[in-house]
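Coordinate inspection notes
Below, each chain spelled out in residue letters.
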Amino acid sequence: MTVDSVTIALVGSGGAGAMTAGQMLLDAAANVGWYGLMSRSTGPQIRGGEAAALVRLSPTPVHGPGDRFDIIIAFDWQNVERFAAELPLSEKSVIITDPSQGEVPAVLAASGAKQVELPIKELAGRIPGGRVNMVGLGAVAAIVGLPRAGIDAVIQKALGKKGDAAIQASNAGIDAGSKEAAGWNLGLELAAPNKEGATRWNISGNEAAGLGALKGGVKFCAAYPITPATEILEWLAPNLAKTGGKLVQAEDELASIAMCLGASFSGVPSITATAGPGLSLMTECIGLGVASETPVVIVDVQRGGPSTGIPTKSEQSDLNIAVYGLHGDAPHLVVGPTSIGDCLFTTQWAVHLAEALQTPAIVLSDQAMGQSRAIVDKPADAPHKANRLLATDLGGEGKYKRYADTESGVSPAAIPGMPGGEHTADGLEHAENALPSSQASDHQKQLDKRLRKLTSHDYGDAWADIEGEGEIAVVTWGSATGPSREAVRRLEAAGTKARLVAIRLISPVQPAKLAAALDGVSKVLVVEQTHGAQFHKFLRGHYDLPGKVSVFSRPGPLPIRAREVHETLLSLI
Amino acid sequence: MDTHLTDDVVGPLPGDYKSDVKPIWCPGCGDYSVLAGITRAMANMGLERHDTVVVSGIGCSSRIPAYTSVYGYHTVHGRSLAVASGVKLARPELNVLIFGGDGDGFSIGGNHFLHACRRNVDMTYIVMDNQVYGMTKGQASPTTEADWCESKLTPEGPGVNPIQPVALALACGANFVARGFSNNPNEVARLIVEGVKHPGFSVIHILSPCVTFRPEQRGWKSTVHPYGREPTDDPNEAMRAVLEDDGFGLGIFLAGNRRPFQPGSTATHSIAQIEEGFAV
Ligand SMILES: Cc1ncc(C[n+]2csc(CCOP(=O)(O)OP(=O)(O)O)c2C)c(N)n1
Ligand code: SF4
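We now turn to the structure provided with this report.

Rules used throughout
Counting restarts for each chain, with residues numbered from 1 along the sequence as it is written. Naming scheme: in the order in which they are written, chains are lettered from A and ligands are numbered from 1. Owing to the predicted nature of the model, reporting of local features is limited to residues with pLDDT of at least 70; listing and counting of side-chain atom pairs is limited to 80 or more, with chain, interface and lining totals taken over all residues. To obtain the side-chain values, all non-hydrogen atoms of the structure were included, while hydrogens and water were left out. Numbering goes from the N terminus for both helices and strands, where a helix is a DSSP run of H or I of at least four residues and a strand is a run of E of at least two. To sort residues, take the accessible area from a 1.4 Å probe on protein chains only and compare it with the maximum for the residue type: under 20% means buried, over 50% means exposed, and anything in between is partly exposed. The contact criterion used throughout is that any non-hydrogen atoms of two residues lie within 4.5 Å. In these tables, accessible area is a Shrake-Rupley quantity obtained with a 1.4 Å probe, and a residue counts as shielded only by the protein chains included in the view. Only four residue types enter the charge count: Lys and Arg as positive, Asp and Glu as negative, with His and the chain ends excluded. Taken as the charge location is NZ of Lys, CZ of Arg, CG of Asp or CD of Glu. A pair of strands is treated as paired once DSSP finds two or more bridges between them. To get an axis, fit a line to the C-alpha atoms, keeping to the stretch in contact for a helix; angles then go from 0 to 180 degrees between the N-to-C directions. To be near a molecule or strand, a residue needs just one of its heavy atoms within 4 Å of it. Polar contacts here mean pairs of N or O atoms no more than 3.5 Å apart (in protein, one a potential hydrogen donor and the other a potential acceptor; neighbouring residues in sequence count only if both atoms are side-chain atoms). Any Lys or Arg side-chain nitrogen located within 4 Å of an Asp or Glu carboxyl oxygen qualifies as a salt bridge. Pairing of aromatic rings covers Phe, Tyr and Trp, the last through its six-membered ring, and needs centres within 6.5 Å; plane angles under 30 degrees mean stacked, over 60 mean edge-to-face, and all others mean tilted. Our angle categories are set so that under 35 degrees counts as roughly parallel, over 145 as roughly antiparallel, 65 to 115 as roughly perpendicular, and the remainder as oblique. By definition, turning the near helix anticlockwise from the far helix through less than a right angle yields a left-handed crossing, and turning it clockwise yields a right-handed one. When residue character is reported, Ala, Val, Leu, Ile, Met, Phe, Trp, Tyr, Cys and Pro are called nonpolar, Asp, Glu, Lys and Arg charged, and the others, Gly included, polar. Put simply, buried area is how much 1.4 Å-probe accessible surface two parts lose in total, over both of them, once they are put together. Take the buried Ala, Val, Leu, Ile, Met, Phe, Trp, Tyr and Cys residues and link them wherever side-chain atoms come within 4.5 Å; each set so joined is a nonpolar core.

This part covers the overall build of chain A. Within chain A, the regular secondary structure consists of 18 helices and 21 strands. Burial statistics for chain A: of 573 residues in total, 62% are counted as buried. Within chain A, counting contacts between residues at least 6 apart in sequence, those at least 24 apart form 74% of the total. Working note: accessible area of chain A is about 20,700 Å², and carbon and sulfur atoms make up 52% of it. When the 49 positive and 59 negative side-chain charges of chain A are each reduced to one mean point, those points stand 3 Å apart.

See the structure below:
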């Protein structure tokens, strides 16, 4: 018998190589044609300390974490209590443990999970240069039925440079682990992979966001590191250079966003990436982008807040600051990717929208998407590119109106280098000719125009991901989409029709479109990862939701699981 | 080092760089003469208006972009140097000048000043120092004397030592540091021309009286004096001279030879090639 999905935690304190083994497992699964997702759970330590690679594999695309772990393999149990709550188990789960590392911690043993002993340390010790993580990898590979060829390719790629001895040691470790596990018959063999179909990618959400920026036409990035956004910047640094762009490390987030505005003012599409505390620092300058109509994209990879909160774990609680955090009436774009792969599309779209509408766009990613790696079908090419409306008729000396009150609200831009377009872009309220003005009529006119350009734009179908039909609907966003999608599909598989509406365009709101998407719905479940139900309140503030509305809202760091959403849906029927 | 500044050469005139917007400044404000110096400098160099960008923060002095006829960006309080760095790094071919006050530059924007000096992007920063916050009606700035008791916010005086902008710039690694006095627009213009021509980040500290909140600054006319030495390219020597000076010496302290920061970028890959790296 085979299973459709298997969820594995590789646990060990720093140095045990749990992350490396998890990464290799995912890569090997990808090689043989499975889909997968790997997220990480680490403590606040810089190096070492507790760490777990959380891997889910399946023959079909994986949308979110599994309901519970089928396999936990621990290289040691150090500090595992600190994140035991993130490792849900049941009697059906299997705990693989090394007797030399002591008893299975009570919090895990209490689940009633089956325990299997594997002398990991001893087996590794017998191999010159042997490592525990390779023994573990071998055991897991045997349990799930991962063909050896898939692992060989990974070892070759990862260790090729280190020479034959390293490769041999790894192979010996894997062999030792798989030999022991071969006879266990745990019933966790994964259904055969389906290698047909599209090219697959192995990508993290943060890398996907970086790639989306490149594909959108970004040529400038100013950066200040912050977990969990740093990988976007690290990915962009070499890749922007390869495409003729530039990344500059700024002194802080105030400088990052300000530099981006300067580059953008000069006509070069720009991006920066940050997390909650950095977004707070940037808000004044984002307002400047709104007022001066300077496009810029800010990717906020959300983490647990407030303040410095839980930097290594996920949450969706920057929604309020992203939408409402600017001072004054400052309409701007807020979009949220709905999956790891979608970080590409949504960031690319954000670059396009920001440039087309000459305004800042905030992309709300989060740690769960940003720092997780998935095997996905190669995302389809999207047409969205930076394409700023440039002024062609500058009207002669002193006649150019930078902030002309056009019908669409978008004013043709002049950028440095264009003779006759000289003007001063301003954060102060201004008249159409860009000169500062404190007159009520100019303020009203410019406020109207800045709002109109956003509300009158046709965002097409990309505003949301919509699936299914029926009278019950889940409305969600961001990384809560994956588990919600899975829950809706389970409901459908059991015969109850349901809809999923995952809103990608958070702001400006699309009341007519959501009304159409929810036409005929009598029950709505809002799913989000916040304590204060920010998304629910946001929806309530801007939309008429039909029928009975319920909320599943929980803060981080525990990820939302499909089972929880499914159970909530069942309780509503 | 003398720059030829006469009106009889054929070419653009200072007036060509002025907009027709009337400044909001108080009559007698030192910033009028700085503006005159700026437009003279631009005319002297014959800068193409469309290739020139002036960036400012917020404050009386930061209003200057609207009064010029080149491209401008009037940003938020304290961030002008960062915005300007973005302009110049993204488009190195543009001439970039930054205008602002002592509060904008050394208080709220202090961190950016420090890093602009050490980063050394090729642009010119003109700080109009009136040792007060003019625009918010007369509070102490980072360059105000510790015992200045005229502000309602600090009726006993700020009680902390003022910073010395020129020494700060030198300590942070600025590549060109000079001081001028607004009363002499030709000299201001000369310093700006030298600063713009000098590769790297140039700081031009200009004493510019606020006649409204610090009327006694009119007396600077008799306080200022030539600093009296030739410019050096040695930051240590410049620092020694600055520390000996009383803060009113005018001239070029340092014309250093650090290489400007300008990350290069020629495309070597297509995006399709980069994408290939993700394929399983
Ligand atoms: C974030 C922020 N804080 C405070 C202000 C208010 N503010 C405007 S100008 C200014 C001080 C300006 O002083 P200075 O830079 O010395 O310029 P001056 O007006 O003297 O030329 C202040 C505090 C602001 N605009 N933004
Ligand atoms: S308040 Fe002072 S600095 Fe501002 S315009 Fe008046 S004199 Fe000039």
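All names here are of chain A. Spatial strand order, β6-β5-β4-β1-β3-β2-β14-β7: eight strands in an open sheet with mixed pairing. Here the strands that pair on one side only, and so sit at the sheet edges, are β6 (114-117) and β7 (200-204). Across this sheet, the average inter-strand angle for adjacent strands is 20 degrees, counted without regard to direction. Both strand β4 (residues 71-74) and strand β5 (residues 94-97) contribute to a ladder of four bridges, which runs parallel. Residue A74 lies in a different strand from β5, and its bridge partner there is T97. Seen against the sheet, helix α1 (residues 18-32) touches β1 (6-13), β2 (35-42), β3 (50-58), β7 and β14 (373-377) and runs at an angle of roughly 10 degrees to β3. Packed on one face of the sheet, helix α7 (residues 205-216) meets β7 and β14 and runs near 100 degrees to β7.

One open sheet holds the nine strands; their spatial order is β15(A)-β2(B)-β1(B)-β3(B)-β4(B)-β6(B)-β5(B)-β8(B)-β7(B), and the pairing between them is mixed. Whereas interior strands pair on both sides, the edge strands pair on one side only; in this sheet they are β15 (424-426) of chain A together with β7 (225-226) of chain B. In this structure, strand β1 (residues 52-56) of chain B lies alongside strand β2 (residues 71-74) of chain B, joined through four bridges in parallel fashion. Among the inter-strand pairings, V53(B) is bridged to a residue of β2(B), identified as Y71(B). The strands touched by helix α1 (residues 31-45) of chain B within the sheet are β1, β3 (95-101), β4 (124-129) and β6 (202-207) of chain B, with β4(B) carrying the most contacts at an inclination of about 160 degrees.

Among the 17 residues in the neighbourhood of ligand 1, the closest are listed as C60(B), S61(B), G103(B), D104(B) and G134(B). With respect to ligand 1, the chains having nearby residues are chains A and B. Contacts to ligand 1 include N130(B), whose side-chain N or O atom sits 3.0 Å from an oxygen atom. Starting from 590 Å² of accessible surface for ligand 1 in isolation, the protein chains cover 76%.

Counted according to the given criterion, the structure contains 33 salt bridges over all chains. One network of salt bridges, with partners in common, ties together D342(A), D465(A), E467(A), R485(A), R489(A) and R504(A).

Moving on to the packing of aromatic side chains. For the structure shown, the criterion picks out 14 aromatic pairs over all chains. Taken together, F106(B), F113(B), Y125(B) and F201(B) form an aromatic cluster joined through their ring pairs.

All right, on to the packing of helix α9 (residues 253-265) of chain A against helix α10 (residues 276-292) of chain A then. Residues and elements named next belong to chain A. Between α9 and α10, whose axes approach to 8 Å, the crossing angle comes to 30 degrees. Put simply, α9 runs roughly parallel to α10. Crossing geometry of α9 relative to α10 is assigned as right-handed. Residue-level inspection shows E253, L254, S256, I257, A258 and L261 of α9 in contact with α10, the latter providing G278, L281, M282, C285, I286, L288 and G289. Of the residues belonging to the contact of α9 with α10, the class tally is nine nonpolar, three polar and one charged.

Taken together, W25(B), C26(B), C29(B), C60(B), N130(B), G134(B), C210(B), V211(B), T212(B) and F213(B) make up all the residues around ligand 2. Looking at the shell around ligand 2 residue by residue, the classes come out as seven nonpolar, three polar and no charged.

The subject of this paragraph is the interface of chain B and chain A. Counting from both sides, the interface comprises 46 residues of chain B and, opposite them, 60 residues of chain A. Both sides together, the interface formed by chain B and chain A hides about 4,300 Å², and carbon and sulfur atoms give 64% of it. Considering only the side of chain B, the residues that lose the most area to chain A are Y71(B), Y73(B) and F278(B), jointly responsible for 19% of the buried surface there. Between chain B and chain A we count three salt bridges in total. Scanning the region where chain B abuts chain A turns up 25 residue pairs in polar contact (both at pLDDT 80 or more). Elements supplying a minimum of two residues to the side of chain B that touches chain A: α2 (64-67), β2, α3 (80-90), α5 (110-119) and α10 (271-276) of chain B. With seven residues, the top contributor of residues to the side of chain B that touches chain A is α3(B). By the bridge criterion, three bridges tie β15(A) to β2(B) in an arrangement that is parallel. Within β2(B), the position partnered with D426(A) by the bridge is H74(B).

Below, the discussion takes up the packing of α3(B) against α5(B). All names here are of chain B. Relative to each other, α3 and α5 sit at 35 degrees, their axes nearing to 8 Å. Residues L81, A82 and S85 of α3 pack against H112, F113, A116 and R119 of α5. Counted by class, the contact of α3 with α5 contains four nonpolar, two polar and one charged residues.

Here we come to the side chain of T424(A). The residue T424(A) is located in strand β15 in this model. Overall, T424(A) belongs to the buried group, its relative accessible area being 9%. Only 3.2 Å separates the side chain of T424(A) from the backbone oxygen of P65(B), close enough to count as a polar contact. Once residues within four sequence positions are removed from consideration, T424(A) is found in contact with A434(A), P65(B), A66(B), G72(B), Y73(B) and H74(B).

Residues and elements named next belong to chain A. Residue position: P269 is located in the loop between α9 and β10 (270-274). Taking relative accessible area as the criterion, P269 reaches 13% and is therefore assigned buried. The spatial distance from the C-alpha of P269 to the C-alpha of V218 is 4.7 Å, given a sequence separation of 51 residues. Aside from chain neighbours lying at most four places away, what touches P269 is G217, V218, K219, F220, E355 and A386.

The next subject is the nonpolar core. A general feature of soluble globular proteins is that nonpolar side chains tend to end up buried together. Residues and elements named next belong to chain A. Of all hydrophobic cores here, the largest spans 201 residues; its most connected members are L10, L146, F220 and F535. A per-element tally of this core places α1 first, with 10 residues. Excluding anything up to four places from it in sequence, L10 contacts A18, A21, G22, L25, A51, A52, A53, V55, I73 and F75.

On to the pairing of β2(A), then. Residue and element names in this part refer to chain A. Strand direction decides the pairing type here: β2 and β3, joined by eight bridges, are antiparallel. In the sheet register, L37 faces β3, and the bridge partner there is R56. Sheet topology note: the β2/β14 ladder contains three bridges and is antiparallel. When the bridges of β14 are listed, L37 appears paired with A374.

What follows covers the environment of Q139(B). Residue and element names in this part refer to chain B. Position of Q139 among the secondary structure elements: in the loop between β4 and α6 (165-171). Q139 sits in the buried class, given a relative accessible area of 17%. With 75 residues separating them along the chain, Q139 and R214 place their C-alpha atoms 10 Å apart. Among all residues touching Q139, those that are not within four sequence positions of it are V132, Y133, W148, S151 and L153.

The next point concerns the pairing of β3(B). Residue and element names in this part refer to chain B. In terms of burial, β3 is a largely internal element, six of the seven residues being buried. Where β1 meets β3, five bridges bridge the pair, whose relative direction is parallel. Bridge assignment links V53 to a residue of β3, and that residue is V96. Note that β3 and β4 share five bridges and pair parallel.

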